[in-house]
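Coordinate inspection notes
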Amino acid sequence: MKTTSVEDKLRNITYTELSGEWATLNRIDYDYKFEDGSWKRLSRESYDRGNGACILLYNEEKGTVILTKQFRMPAYDNHKADGMSIEVCAGAIDKNEAPEICIIRETEEEVGYRIKSAKKVMECYTSPGAVTEKMFLFVAPYDDTMKINDGGGLEIEDEEIEVLEMPFSEAIKMVDNFKIIDAKTILLLQYAQIHNLLG
Ligand SMILES: Nc1nc2c(ncn2[C@@H]2O[C@H](COP(=O)(O)OP(=O)(O)O[C@H]3O[C@H](CO)[C@@H](O)[C@H](O)[C@@H]3O)[C@@H](O)[C@H]2O)c(=O)[nH]1
Ligand SMILES: [Mg+2]
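The structure displayed is predicted, hence computed values, not measured ones. (Residues numbered from 1 in each chain as written. Chains lettered and ligands numbered in written order. Predicted model: local features only at pLDDT ≥ 70, side-chain atom pairs only at ≥ 80, totals over all residues. Heavy atoms only, no water.)

**What about the layout of surface pockets?**
The calculated volume of the largest pocket comes to roughly 2000 Å³. In terms of lining, the largest pocket is formed by 49 residues, of which the most central are Arg49, Arg72, Pro74, Glu87 and Lys184. Put simply, the parts of the chain that give the lining of the largest pocket at least two residues each are β5 (64-71), α2 (73-79), β6 (84-87), β7 (89-92), α3 (99-111), β8 (119-125) and α5 (183-194). When residues in the lining of the largest pocket are grouped by element, the largest group, five residues, is from α2. Here the lining of the largest pocket spans two domains, since at least three of its residues come from each of domain 1 (6-48) and domain 2 (52-194). Approximately 290 Å³ is the volume attributed to the second largest pocket. Around the second largest pocket sit 14 residues that line it, and Ile28, Tyr30, Arg44, Ser46 and Pro128 are the ones nearest its centre. Sorting the residues of the lining of the second largest pocket by element identifies β1 (10-19), β2 (24-33) and β3 (39-48) as the ones contributing at least two each. (1 Å grid on protein atoms, 1.4 Å probe; cavity = no way out; pocket = protein on both sides within 12 Å on 5 of 7 lines; lining within 4 Å. Points joined across faces, edges and corners; volume = space filled by probe spheres on them. Helix = DSSP H or I, 4+ residues; strand = E, 2+ residues; numbered from the N terminus. Domains from an automatic or database assignment.)

Laid out in structure tokens, this is it:
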């Protein structure tokens, strides 16, 4: 592993905003020092849409988990199937919002459960070569007494989210047969498996 600090490898960083409608797509130009000591001016496009939080809700007694199903345009754009994506509950973190506060809010909005706290189990970049987004991954137990509405997402944000409560074993099967192909969801389901969250 190389130990040169990033300050010694980078200089003259400039930002050019290429698009800024919903989130910001920047072109970042920078001088980069290679290991042989040579400098080269490089350019990378970087899409900044903030950070995100997501959560796997699980019920050990029932052996179930709560997932969501919704249309995702970028997924549709990629493989032109139906564009429906089965995912753990997730949302973009508001400015100055703590990831745990965000995920408690999203849990209420998207799947209709009021949880008091959530345990952070991982952090990950979703696509570090292209997107600035860091994702904070949580787990929390749920039960029927915590259900306060039907979820579904916010109408003002045009969200249409189907709430799925399914056996954990079925969710794991959906990873194995490629029906669940969202990375954060696979990570959390496998975390639950490795750490025996559902007994
Ligand atoms: N007009 C417009 N609206 C958008 C756009 N992107 C998102 N929105 C709106 O913003 C809402 C964001 O809902 P959240 O629940 O906060 O986020 P999310 O769409 O579930 O995204 C989460 O998952 C993504 C995929 O893994 C993550 O990329 C994201 O950070 C977050 O965790 C969407 O329902 C939609 O109304 C866009 O490009 N244009
Ligand atoms: Mg969401």
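**Notes on the side chain of Lys184**
On the secondary structure map, Lys184 appears in helix α5. Of the polar contacts made by the side chain of Lys184, one reaches the side chain of Asp182; its length is 3.1 Å. Dropping the residues within four chain positions of it, Lys184 is found in contact with Cys54, Glu87, Val88, Ala90, Met135 and Leu137. (Polar contact = N/O pair within 3.5 Å; in protein donor to acceptor, adjacent residues only side chain to side chain. Contact = heavy atoms within 4.5 Å.)

**Topic: the coordination of the magnesium ion (ligand 2)**
In the first shell of the magnesium ion (ligand 2), the protein supplies Ala90 (O) and Glu110 (OE), at 2.0 to 2.2 Å from the metal. Here Ala90 is found in strand β7, whereas its partner Glu110 is found in helix α3, with 20 residues between them in sequence. The exposure classification of Ala90 matches that of Glu110, with both residues buried. (Donors = N, O, S within 2.8 Å, 3.2 Å for Na, K, Ca; no water. Buried < 20%, exposed > 50% of the residue type's maximum accessible area, 1.4 Å probe, protein only.)

**Side note on the domain arrangement of the protein chain**
Assigned domains of the protein chain: these are domain 1 (6-48) and domain 2 (52-194). Each of domain 1 and domain 2 has a C-alpha centre, and these two points are 32 Å apart. If you look at the interface, domain 1 gives four residues, while domain 2 gives four residues. The contact between domain 1 and domain 2 buries some 290 Å² in all, and 40% of this surface belongs to carbon and sulfur atoms. (Buried area = accessible area lost by both parts, 1.4 Å probe.)

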